[in-house]
Amino acid sequence: MNTQHQQRYILAFPEMDEQHRYLYSLFDALENETQVTDPCRTASLLKELERYLNFHFTCEEHLMRLYNAPDFAVHQSDHEAAAARFIRFTDDFEQGRLNPAALKIFLTGWLMEHSQAIDSGYVEWISELRKNLHNGISGNGVSCMP
Ligand SMILES: [Fe+2]
Ligand SMILES: [Fe+2]
């Protein structure tokens, strides 16, 4: 594991850490250049990023709803803001003026900050609930878990 990976925030929540890890691998695959040198590969990467970001955000939002986790609206709006910014980069690509290094820096920085500041909230909530279930205590003030 290199220094960059060590700085990446790990939630200690395996189902989502795996998805974050795959996202970082896609970010790493973007060119470190200010201009695209391989349009074909970049187009494929952007498509996969669009799919997987959508998949990841949907997973987390679905998980939060299922567990009735707090701060759903704040979390969802941060996802939407990142998705909107990502779409602007894909527009740049279509117009032949994408800066892949800037996209890489944006996505990596956003995920590190978002996972530490925001994803950590549902992790704490769900982990507590699961821990209580295993200890025979009903979770998060709910008197009887279904
Ligand atoms: Fe996440
Ligand atoms: Fe998130």
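It should be noted that the structure appears before, not after, this text.
All of these numbers come straight from a predicted model, not from anything done at the bench.

Reading the values: rules and limits
Counting from 1, residues in each chain are numbered in the order their sequence is written. Each chain is given a letter, starting from A, and each ligand a number, starting from 1, according to the order in which they appear as written. Only residues with pLDDT of at least 70 are given local features in this predicted model, and only at 80 or more are side-chain atom pairs given and counted; all residues enter the totals for whole chains, interfaces and linings. A run of H or I in DSSP becomes a helix once it reaches four residues, and a run of E becomes a strand once it reaches two; helices and strands are each numbered from the N terminus. Any residue with 12 or fewer other C-beta atoms within 10 Å of its own C-beta is exposed, any with 20 or more is buried, and the rest are partly exposed; the C-beta atoms used are placed from the backbone. Residues are defined as contacting one another if the C-beta atoms placed from their backbone atoms lie within 7 Å. Axes, fitted as lines to C-alpha atoms, cover a helix only where it is in contact. Angles between the N-to-C directions of the axes lie from 0 to 180 degrees. Orientation is classified from the angle alone, with under 35 degrees giving roughly parallel, over 145 giving roughly antiparallel, 65 to 115 giving roughly perpendicular, and any other angle giving oblique. Throughout this entry, Asp, Glu, Lys and Arg are counted as charged residues, while Ala, Val, Leu, Ile, Met, Phe, Trp, Tyr, Cys and Pro are counted as nonpolar. The remaining residues, Gly among them, count as polar.

**Structural notes on the environment of Val36**
Within the fold, Val36 resides in the loop between α2 (14-29) and α3 (39-66). Taking the C-beta count within 10 Å as the criterion, Val36 has 20 such neighbours and is therefore assigned buried. Here Val36 is in contact with Glu31, Thr42, Leu98 and Pro100, once residues within four sequence places are set aside.

**Quick look at the packing of α3 against helix α5 (residues 100-134)**
Direction vectors running N to C along α3 and α5 enclose 10°, while the axes themselves pass 14 Å from each other. The orientation of α3 with respect to α5, classified from their angle, is roughly parallel. Judged by residue contacts, Thr42, Glu60, Leu63 and Met64 of α3 engage Pro100, Asp119 and Tyr122 from α5. Its residues assigned to classes, the contact of α3 with α5 comprises four nonpolar, one polar and two charged.

**Overview of the packing of helix α4 (residues 72-94) against α5**
Two elements in contact, α4 and α5, have axes separated by 11 Å at closest approach and are oriented at 175°. One element, α4, and the other, α5, form an angle in the roughly antiparallel class. Here α4 contributes His75, Asp78, Ala82, Arg85 and Phe89 to the contact with α5, which in turn contributes Leu103, Phe106, Trp110, His114 and Ile118. Partitioning the contact of α4 with α5 into residue classes produces six nonpolar, two polar and two charged.

**So, the environment of Leu129**
Here Leu129 is to be found in helix α5. Through-space distance from the C-alpha of Leu129 to that of Tyr67 is 8.8 Å; in sequence the pair is 62 residues apart.

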